[in-house]
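# Chains, contacts and geometry: an overview
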Number of protein chains: 4
Amino acid sequence: MNSDNKFNWPVRVYYEDTDAGGIVFYANYLKFFERARTEWLRSLGYSQHALLDTVGILFVVKKAAIEYFAPAKLDDELKLVVVVERLGGASMQIRQEAWRIEGEQATLLADGMVTVVCVSKESFRPCQIPDHIRSKLHGAQ
Amino acid sequence: MNSDNKFNWPVRVYYEDTDAGGIVFYANYLKFFERARTEWLRSLGYSQHALLDTVGILFVVKKAAIEYFAPAKLDDELKLVVVVERLGGASMQIRQEAWRIEGEQATLLADGMVTVVCVSKESFRPCQIPDHIRSKLHGAQ
Amino acid sequence: MNSDNKFNWPVRVYYEDTDAGGIVFYANYLKFFERARTEWLRSLGYSQHALLDTVGILFVVKKAAIEYFAPAKLDDELKLVVVVERLGGASMQIRQEAWRIEGEQATLLADGMVTVVCVSKESFRPCQIPDHIRSKLHGAQ
Amino acid sequence: MNSDNKFNWPVRVYYEDTDAGGIVFYANYLKFFERARTEWLRSLGYSQHALLDTVGILFVVKKAAIEYFAPAKLDDELKLVVVVERLGGASMQIRQEAWRIEGEQATLLADGMVTVVCVSKESFRPCQIPDHIRSKLHGAQ
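Residues numbered from 1 in each chain as written. Chains lettered and ligands numbered in written order. Predicted model: local features only at pLDDT ≥ 70, side-chain atom pairs only at ≥ 80, totals over all residues. Heavy atoms only, no water.

Within chain A one finds three helices and five strands. Ordering the α and β elements of chain A from the N terminus gives β-α-α-β-β-β-β-α. The C-alpha radius of gyration computed for chain A amounts to 16 Å, which stays within 12% of the reference 14 Å derived for 141 residues, consistent with globular compactness. Over its C-alpha atoms, taken along the principal directions, chain A stretches across nearly 45 × 35 × 25 Å. Across the 141 residues that make up chain A, the buried fraction comes to 55%. Of all intrachain contacts in chain A linking residues separated by at least 6 positions in sequence, the fraction that spans at least 24 positions is 66%. (Helix = DSSP H or I, 4+ residues; strand = E, 2+ residues; numbered from the N terminus. Rg over C-alpha atoms; globule rule 2.2 N^0.38 Å. Buried < 20%, exposed > 50% of the residue type's maximum accessible area, 1.4 Å probe, protein only. Contact = heavy atoms within 4.5 Å.)

This is how it looks when you write it as structure tokens:
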């Protein structure tokens, strides 16, 4: 987490991410977004695995919106950015960006907004984000 | 294409589509959406492959927004729906839905809006949708 | 299942399956193989989902070997073939092939051998293939 | 590259890699293998992208064989190992391993052998591995 509360995570583009158009397949940005959210939670002390097994919750995606500005290509180095936009009782809205990094230059390739809801592992119904997690997320805003 | 100009495409959920939460991974709905758009174009007489090689164009996704209502699970039978919402000069807005089908019952699992732009294969810049394609798309509205 | 006990399953190649080399990504043939095995089991009366939830078993892959002869491309129509090569107590060896179909012509793109082991859902340890399933599989040899 | 000429590459398991069985989907190990081969080539000074665009060659997979010993799960830290087993004129055989790392402990999850062939970008036919690349690969044996 850097000074302006943006979390960054590097992603490299491999063959598996690209398609016959020569660029990263549009759905795969949502994979990159998920990796970045997972590493952001890990940086706050929470693994998805532990949340599921120990706390009994999952953060599931309720909504996702993404806009594409320029394509990523094979071997590109990307920087994924995570920012909490809104922290609700059982949900949060997360802004996510994908940048291509070439030396000093950064190009915004895609940005999006993802709404995740805290659900109980058993019922799959929304539940309050536990306080100890909320306070960490609050600090990350 | 049925009477109300909705195109339907069946999709079966396999292990590859699911994740450790026991449900279809959220990014994979965009794969299902793309399959449905591809088959809808094919039903109008256009394969992506031919568009790329013969006409020299691609339809690339500019924006995608999706909302999730209920999870799909392993072995589920889905029905993907494609409807043209708006047909512009070089772009179109497509409404897409994913339904779970169980006998007579259909449950809406996710819906979304996808904006695709017609781009030249060479320049990757937006170009007019060729007239012969446009007239077919118009009929599909 | 046709007369010579080969099960066939059609697969269409979409953008999601291809990579920047313009061909189907090599790992994705294992996805196609899995779809074909799943549909073959379904044709015998068993869904993976029911096996997991009702019988409490999974067929997990122990070994996979694949050789590639020619690449599949966007929009190709493939025929996936499943043949039981050897039926053991807790495992079976399955021959799998991927053919490209163009009108009357069929081209072998890849073939492989996959060893699957029947494991208990709880322990993840190998267990006997239940008799009622075995007899069906035997008929499919 | 460490002293015994094994190249190592770390991989983290995300939701996208897992399936409804709660473990990494069997085909995804081939994705991990490809990432490791790509990073190994990069460590020798060659990006896949540059090989394709500048040298006009691709390394395509001709054969892959993999055996699974234990499943990887969500959030697992894996170490992927790459070793050149045999360096031919237009091909090479590469041994690949996936290990789970927990503190000091390493568990072999899967190993395999991948045969890659050097092909011309234009003809997709096998061609000699260029000498400057061969000498680097030779050093990596």
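Moving on from the model shown.
For the pair chain A and chain C, the best superposition has an RMSD of 0.0 Å and corresponds to a rotation of 180° with a translation of 0.0 Å parallel to the axis. Interpreted geometrically, this transformation is the action of a two-fold axis. Every residue of chain A has its C-alpha some distance from the rotation axis, and the shortest such distance is that of A:Asp19, at 1.9 Å. When the interface residues of chain A are mapped onto chain C, 100% of them are again interface residues, pointing to one common binding face. (Least-squares fit on C-alpha atoms with pLDDT ≥ 70 in both.)

Turning next to the sheet that holds strand S2 (residues 57-68) of chain C. The strands that make up a sheet pair up through hydrogen bonds in the backbone, lying either parallel or antiparallel. With respect to topology, 10 strands assemble into an open sheet ordered S1(C)-S3(C)-S4(C)-S5(C)-S2(C)-S2(D)-S5(D)-S4(D)-S3(D)-S1(D), the strand pairing being antiparallel. The sheet is open, and its two borders are formed by strand S1 (7-12) of chain C together with strand S1 (7-12) of chain D, each paired with just one other strand. The average undirected angle you get between the axes of adjacent strands in this sheet is 30°. Across nine bridges, the pairing between strand S3 (residues 77-87) of chain D and strand S4 (residues 91-102) of chain D is antiparallel. Its bridge partner lying in S4(D), D:Lys79 is registered against D:Trp99. Running over the sheet, helix H3 (residues 131-139) of chain C touches S2, strand S3 (77-87) and strand S4 (91-102) of chain C and is turned about 115° from S3(C). Across the face of the sheet, helix H1 (residues 28-43) of chain D comes into contact with S2 of chain C together with S1, strand S2 (57-68), S3, S4 and strand S5 (105-120) of chain D while running at roughly 110° to S4(D). (Pairing = 2+ DSSP bridges. Axes fitted to C-alpha atoms, helices over the stretch in contact; angles between N-to-C directions.)

On to the nonpolar core. In this structure, C:Trp40, C:Phe59, D:Trp40 and D:Phe59 are the most contacted members of the largest nonpolar core, which totals 95 residues. Ranked by size, the runner-up nonpolar core spans 94 residues in total, among them A:Tyr68, B:Trp40, B:Leu41 and B:Tyr68. (Core = buried A, V, L, I, M, F, W, Y, C linked by side-chain atoms within 4.5 Å.)

With that settled, the discussion passes to the relation of the copies chain A and chain B. Rotating chain A by 180° and moving it 0.0 Å along the rotation axis overlays it on chain B with an RMSD of 0.0 Å. In this assembly, 100% of the residues forming the interface of chain A have copies in chain B that are likewise at the interface, indicating an isologous arrangement.

Right, let's talk about the interface of chain A and chain B for a bit. Taken together, the contacts link 21 residues of chain A with 21 residues of chain B. Approximately 2000 Å² of surface area, both sides summed, lies buried where chain A meets chain B, with 66% of it carried by carbon and sulfur atoms. It is A:Tyr26, A:Leu30 and A:Lys62 in chain A that bury the most area against chain B; as a group they hold 28% of the surface buried on that side. Along the contact surface separating chain A from chain B lie two salt bridges. With its nearest N and O atoms 3.6 Å apart, the salt bridge here joins B:Glu67 to A:Lys62. The interface formed by chain A and chain B contains eight residue pairs in polar contact (both at pLDDT 80 or more). For the side of chain A that touches chain B, the secondary structure elements donating two or more residues are helix H1 (28-43) and strand S2 (57-68) of chain A. Per-element tally for the side of chain A that touches chain B: the top contributor is S2(A), with nine residues. (Buried area = accessible area lost by both parts, 1.4 Å probe. Salt bridge = Lys/Arg side-chain N within 4 Å of Asp/Glu carboxyl O. Polar contact = N/O pair within 3.5 Å; in protein donor to acceptor, adjacent residues only side chain to side chain.)

The next thing to look at is the side chain of D:Gln48. By the secondary structure assignment, D:Gln48 is in helix H2 (residues 48-55). Residue class for D:Gln48 comes out buried when judged on its relative accessible area of 8%. Here the side chain of D:Gln48 touches D:Thr38 through a polar contact of 2.8 Å, side chain to side chain. In contact with D:Gln48, not counting residues within four places along its chain, are A:Tyr15, A:Leu74, A:Asp75, D:Glu34, D:Thr38 and D:Leu41.

With antiparallel pairing, the 10 strands of this open sheet are ordered in space as S1(A)-S3(A)-S4(A)-S5(A)-S2(A)-S2(B)-S5(B)-S4(B)-S3(B)-S1(B). Among the strands making up the open sheet, the edge pair consists of strand S1 (7-12) of chain A together with strand S1 (7-12) of chain B. Within this sheet the neighbouring strands show an average axis-to-axis angle of 30°, counted without direction. Where S1(B) and strand S3 (residues 77-87) of chain B come together, six bridges link them in antiparallel fashion. Paired with B:Phe7 across the bridge in S3(B) is B:Val82. Along the sheet, helix H1 (residues 28-43) of chain B makes contact with S2 of chain A together with S1, strand S2 (57-68), S3, strand S4 (91-102) and strand S5 (105-120) of chain B, crossing S4(B) at roughly 110°.

The values are spatial; any link to function lies outside them.
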